[in-house]
Amino acid sequence: VTSPCKILKCNSEFWAATSGSHHLGTEEAPEFCTALRAYAHCTRRTARTCRGDLAYHSAVHGIDDLMMQHNCSKDGPTSQPRLRTLPPGDSQERSDSPEICHYEKSFHKHSAAPNYTHCGLFGDPHLRTFTDTFQTCKVQGAWPLIDNNYLNVQVTNTPVLPGSSATATSKLTIIFKSFQECVDQKVYQAEMDELPAAFADGSKNGGDKHGANSLKITEKVSGQHIEIQAKYIGTTIVVRQVGRYLTFAVRMPEEVVNAVEDRDSQGLYLCLRGCPVNQQIDFQTIRSAQATEGRARRKGPSLPAPPEAFTYETATAKCREKLPVEDLYFQSCVFDLLTTGDVNFMLAAYYAFEDVKMLHSNKDKLHLYERTRDLAPGSTAPTGTHPTLWVALLCLSQCWLYLL
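Residue numbering note: each chain is counted from 1, following its sequence as written. Only residues with pLDDT of at least 70 get local features here, since the model is predicted, and only at 80 or more are side-chain atom pairs given and counted; chain-wide, interface and lining totals rely on the full set of residues. Computation of side-chain values: all heavy atoms of the structure, hydrogens and water removed.

As recorded in an unreviewed UniProt entry, the protein goes by Repulsive guidance molecule A and comes from Acanthisitta chloris.

In terms of helices and strands, the protein carries 11 helices and 12 strands. For every residue, the accessible area obtained with a 1.4 Å probe (protein chains only) is divided by the maximum for its type, and the residue is called buried under 20%, exposed over 50%, and partly exposed between those limits. Counting across all 404 residues of the protein, residues that qualify as buried make up 48%. Whether two residues are in contact is decided by their heavy atoms, any of which lying within 4.5 Å being enough. Once local pairs closer than 6 in sequence are excluded, the contacts in the protein between residues at least 24 apart make up 58%. Accessible area of the protein: about 19900 Å², with a carbon and sulfur share of 52%. Segments assigned H or I by DSSP are reported as helices when at least four residues long, segments assigned E as strands when at least two residues long, and all are numbered from the N terminus. Residue exposure ignores everything except the shown protein chains as possible cover, and the areas themselves are Shrake-Rupley values with a 1.4 Å probe.

Taken N-terminus to C-terminus, the directions of helix 9 (residues 328–340) and helix 10 (residues 344–359) make an angle of 160°; their axes are 8 Å apart at the nearest point. It follows that helix 9 is roughly antiparallel to helix 10 by the angle criterion. Where helix 9 crosses over helix 10, the two elements pack in a sense that is right-handed. Between helix 9 and helix 10, the residues in contact are Tyr329, Cys333, Asp336, Leu337 and Thr340 and Phe345, Met346, Ala349, Ala352, Phe353 and Val356, respectively. Note on geometry: axes are C-alpha line fits, over the in-contact stretch for helices, and angles between N-to-C directions span 0 to 180 degrees. Angular relationships are summarised with four words: roughly parallel below 35 degrees, roughly antiparallel beyond 145, roughly perpendicular across 65 to 115, and oblique for the angles in between. Note on convention: the crossing is left-handed when the near helix lies turned anticlockwise from the far helix by less than a right angle, right-handed when the turn is clockwise.

Attention shifts here to the state of the cysteines. By convention in this document, the label disulfide applies to cysteine sulfur atom pairs within 2.5 Å. For the structure shown, the criterion picks out 6 disulfides. Linked covalently through their sulfurs, Cys10 and Cys42 form a disulfide whose S-S length is 2.0 Å. Across the S-S bond of Cys10 and Cys42 the torsion is about -80°, and the bridge reads as left-handed. Here the residue Cys10 occupies a position in helix 1 (residues 7–18), and Cys42 occupies one in helix 2 (residues 29–45), the gap between them amounting to 32 residues. For the residue pair Cys10 and Cys42, the accessibility class agrees, reading buried in each case.

The next point concerns the packing of aromatic side chains. Two rings from Phe, Tyr or Trp (for Trp, the six-membered ring) form a pair when their centres sit within 6.5 Å of each other. Planes less than 30 degrees apart are called stacked, planes more than 60 degrees apart edge-to-face, and all others tilted. With the rule as written, the count across this model stands at 9 aromatic pairs. For the ring pair Phe176 and Phe199, a centre distance of 6.0 Å and an interplane angle of 80° mean the geometry is edge-to-face. Residue Phe176 is located in strand 6 (residues 167–176), and its partner Phe199 is located in the loop between strand 7 (186–191) and strand 8 (215–221); the two are separated by 23 residues in the primary sequence. With respect to class, Phe176 is no different from Phe199; both count as buried. These aromatic residues form a ring-pair network of at least three members: Phe122, Phe134, Tyr329 and Phe353. The residue whose ring lies beneath Arg251 is Tyr116, and the NZ or CZ to ring-centre distance is 3.7 Å. Two conditions define a charge located above a ring, namely a distance within 6 Å from the ring centre to NZ of Lys or CZ of Arg, and an angle within 35 degrees of the ring normal.

Let's shift gears to the pairing of strand 3 (residues 134–137). Here strand 3 shows no split at all, with Phe134 and Thr136 on one side and Gln135 and Cys137 on the other all buried. A pair of strands counts as paired when DSSP detects no fewer than two bridges linking them. Inspection of the sheet shows strand 2 (residues 126–128) paired to strand 3 by 3 bridges, in the antiparallel sense. When the sheet's bridge partners are listed, Arg128 is paired in strand 3 with Phe134. Here strand 2 hands over to strand 3 after 5 residues, with Asp132 in that stretch at a positive phi of 65°. Here 2 bridges tie strand 3 to strand 12 (residues 280–281), and the two strands are oriented antiparallel to one another. For Thr136, the partnering residue across the bridge sits in strand 12 and is Ile281.

The structure is reproduced here in structure tokens:
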């Protein structure tokens, strides 16, 4: 589908007009300012059809920055574009030349750097949203994980054991929407025991457009770990198969996350809004019962014994082998071992945290803490408070009341 937004044409005309002079410095300011005014005029002509377009807004901000940097007046003559011709057979320049196809390069030197966010889904399943909210969900069946102007991600979760409400991700579909001169629409699908290193059409990049290489699939471990780089939207996606089930992790700029036509239709966009309340599981409360009973039994019909019946103590010891910090990833690991008896869920939690370390932009927010098993049901600890510190504060408050 051809986009009515003509920002790519504006970009090309500007770079063509300044190709011989924009590296010469301030002595060429009059010519450069003339080209900038033409660039700004071009963006205004296409503004109506470019509303919500990532590259358009980046160009508008870039023009303002460059005008201030070169002390350009907004009033004055505009240049006629002089088109550059590429050397015959120079396909490399054609594939790399559209600045629009590299999100980070489209930000000019003096523009603010983009803010990146992270979302991940793993295990039974556990969800970390773009706002660092951590939830455990049921969400059986197909659910949209991401849905914006540039891509759509849908997961399918199936029961882990017969008669159990424990679910895990058995299928993943990612649709990269066609984007201007960068990529054709591409679909990636993964299922249990099938983690391809290519898109559904067999290709490994964005197709036949000039910026096709701004979308690439790389196989890290055959059948276990792939990475998709979508440079044109500044996005990295990691998909793994751990045991029989899939995990998903993404790093995405906030601008892309929020690029949607209709916010009212985003109620089930899990990475942004989280799971619906009726699909959330308070695994902290269940975990207290697990510690007493020795294995998981969720509300509802009695569950069959898992393949390997972990006790609370053995599950805790097993998870501590890979996750020494008792944060929510560690607690999720314990919960999943007690619920499923499948040691691969311990590895899923471990790799999910490894992906957070690689993809999260704020290294101070890697670990997440909430309630601990020592708190009474319904009590909450402040977000970010370490469990040990919170329990100590509770003990001190009780001692003070006793002294009074």
